[in-house]
Amino acid sequence: MGPPPTPELLDWVARTVGTPRVVAPCGWPQGPSRVWRVVGSDRGLFYLKQFSEENKRDQEIAAYECFVPALRGGAVLLPELVARSGPTLRSLLFSALEGTVVSRSPLAEEEGIRLHRIAGEFIRRMHDLPFEDDDTLPLSQSIPLRLALWLERGGDRLSGSEGDLARRLVGDGSLFAGDRRVPCHRDFQTRNWIFDQNHPDRLGVIDFEHTRADHPLIDWVRVHERALPRYPRWFEAFTQGYGAAENGRALDDGIALRLRALSAVHAVGSVVWGSAHRDAEFERAGHELLAQLRS
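The rules behind the values
- Residues numbered from 1 in each chain as written.
- Predicted model: local features only at pLDDT ≥ 70, side-chain atom pairs only at ≥ 80, totals over all residues.
- Heavy atoms only, no water.
- Phe/Tyr/Trp six-rings, centres within 6.5 Å; stacked < 30°, edge-to-face > 60°.
- Helix = DSSP H or I, 4+ residues; strand = E, 2+ residues; numbered from the N terminus.
- Lys NZ or Arg CZ within 6 Å of the ring centre and 35° of its normal.
- pLDDT = per-residue confidence, 0-100.
- Pairing = 2+ DSSP bridges.
- Buried < 20%, exposed > 50% of the residue type's maximum accessible area, 1.4 Å probe, protein only.
- Lys, Arg positive; Asp, Glu negative; His and termini not counted.
- Salt bridge = Lys/Arg side-chain N within 4 Å of Asp/Glu carboxyl O.
- Polar contact = N/O pair within 3.5 Å; in protein donor to acceptor, adjacent residues only side chain to side chain.
- Contact = heavy atoms within 4.5 Å.
- Axes fitted to C-alpha atoms, helices over the stretch in contact; angles between N-to-C directions.
- Expected span 1.5 Å × (residues − 1).
- Disulfide = S-S within 2.5 Å.
- Core = buried A, V, L, I, M, F, W, Y, C linked by side-chain atoms within 4.5 Å.

1. Quick look at the packing of aromatic side chains
And then number 1: For the structure shown, the criterion picks out eleven aromatic pairs.
And then number 2: Relative to Phe235, the ring of Trp220 has its centre 6.2 Å away and its plane inclined at 75°; by these criteria the two rings are edge-to-face. Of this pair, Trp220 sits in the loop between β11 (212-214) and α7 (221-230) while Phe235 sits in helix α8 (residues 232-242), placing them 15 residues apart in sequence.
And then number 3: If you follow Arg124 out to its NZ or CZ, it ends over the ring of Tyr242, 4.9 Å from the centre.

2. Remarks on the confidence of the model for the protein
And then number 1: When pLDDT is averaged along the protein, the result is 93; 96% of the residues meet or exceed 70.
And then number 2: Strand β8 (residues 182-184) holds the highest mean pLDDT among the elements of the protein, 98, whereas strand β1 (residues 22-26) holds the lowest, 89.

3. Focus on the sheet that holds strand β10 (residues 203-205)
Across a sheet, strands are paired by hydrogen bonds formed along the backbone, either parallel or antiparallel in direction.
And then number 1: Ordered by their spatial adjacency, four strands build an open sheet running β4-β10-β9-β7, and the pairing between neighbours is mixed. Strands at the two margins of the open sheet, each flanked by one partner only, are β4 (76-77) and β7 (100-101).
And then number 2: For β7 and strand β9 (residues 193-195), the ladder comprises two bridges, and the chain directions are antiparallel. Bridge pairing in β9 links Val101 to Ile194.

4. Brief notes about the pairing of strand β2 (residues 33-39)
And then number 1: Counting buried positions along β2 yields five of seven residues, so the element is predominantly enclosed.
And then number 2: As defined by bridge partners, β1 adjoins β2 across five bridges and the pair is classed as antiparallel. Bridge pairing links Ala24 to Arg37 in β2.
And then number 3: As paired strands, β2 and strand β3 (residues 45-51) are joined by seven bridges and run antiparallel to one another. From the neighbouring strand, Ser33 faces β3, where its bridge partner is Phe51.

5. Side note on the side chain of Asp219
And then number 1: Relative to the helices and strands, Asp219 is located in the loop between β11 and α7.
And then number 2: No salt bridge is formed by the buried Asp219, whose closest oppositely charged neighbour, Arg186, lies at an N-O distance of 6.8 Å.
And then number 3: A distance of 3.0 Å separates the side chain of Asp219 from the backbone nitrogen of His185, its partner in a polar contact.
And then number 4: If sequence neighbours within four positions are ignored, Asp219 has contacts with Ile123, His127, Cys184, His185, Arg186, Asp187, Phe188 and Phe238.

6. Considering the sheet that holds β1
And then number 1: Taken together, the five strands give an open sheet; going across it, the order is β1-β2-β3-β6-β5, and neighbouring strands pair in antiparallel fashion. Each edge of the sheet is formed by a strand with only one pairing partner; in this case those strands are β1 and β5 (81-84). The average undirected angle you get between the axes of adjacent strands in this sheet is 25°.
And then number 2: Along the sheet face, helix α1 (residues 7-17) touches β1, β2, β3, β5 and β6 (91-95) and points at about 40° away from the line of β6.

7. Remarks on helix α5 (residues 139-154)
And then number 1: Across its 16 residues, α5 extends 23 Å between first and last C-alpha, which sits within 8% of the 22 Å expected from 1.5 Å per residue.
And then number 2: Of the residues making up α5, those classed as buried are Leu139, Ser140, Ser142, Ile143, Pro144, Leu147, Trp150, Leu151 and Gly154.
And then number 3: On its buried face, α5 sits against α6 (160-170), β11 and α9 (253-276).

8. Quick notes on the state of the cysteines
And then number 1: Counted under the stated rule, the structure contains zero disulfides.
And then number 2: Not engaged in a disulfide, the cysteine Cys66 finds its nearest cysteine sulfur in Cys184; these two sulfurs lie 14 Å apart.

9. Description of the nonpolar core
And then number 1: One finds Phe122, Phe188, Phe208 and Trp220 to be the most contacted residues of the largest nonpolar core, which totals 67 residues.
And then number 2: Ranked by the residues each element gives to this core, the list is headed by α9, at eleven residues.
And then number 3: Dropping the residues within four chain positions of it, Phe188 is found in contact with Ala119, Phe122, Ile123, Trp193, Val205, Asp219, Arg222, Val223 and Phe238.
And then number 4: Of all hydrophobic cores here, the second largest spans eleven residues; its members include Val13, Val17, Trp36 and Ala83.

Written out as structure tokens, the structure reads:
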């Protein structure tokens, strides 16, 4: 799962929280950062994260400074940013949350419903944080441009029908006319949720390195992709927690159309990114999502 931390990085950890007894790799090898589980000599458990992309580190720091403090409390648990290294090491140290990653945890139907409802409530709180969208490029233009850039980078990895489907769902961007950016997690999915069997009414949320302003439905895409085909009641609970649908009622047509458009952009990006980073699973998921959107 990747090399161990460098001696320089381990020295920084030791000076920060004491000489670690155990340093074990975790996280996702293809991602833009490397993560290690650090068992401190006397101060407990931490996670060490080193970034290959400076902007991802900056985004995570900004999230912990601007958004995370206002989101603490309630049913969601968030890590503490314990320390940040200098620019050479490009690393952050976080407190650990008790529990296991939800994507690796077999959940009973009712557990999944409860966690997805909490997730919907949390991400709505994040989207409702005070924020001024000062981006001069409206979403009605930036979202079609986002798709065009992905297709330019690696459209040859898609079939002609896949590219056509994505262009048709996004259209000229008028679906998003008048929509405004809000603070978004932008990687809101079960592999970034933590579930503790001892506290079943709580949910941990981690990994804010992609956090920045975006269309609010961008935080629905990964939940929609994973939950809806297999566990529709989980997705329904998520939308109810968010406050976008009442029990037993379908989503508003406008939400559904915009969600499909953003899912198409995500799917194309997954294929292109997965191909470029030799992540066959991610690339395959993109193709599968496009097939799901077609049906």
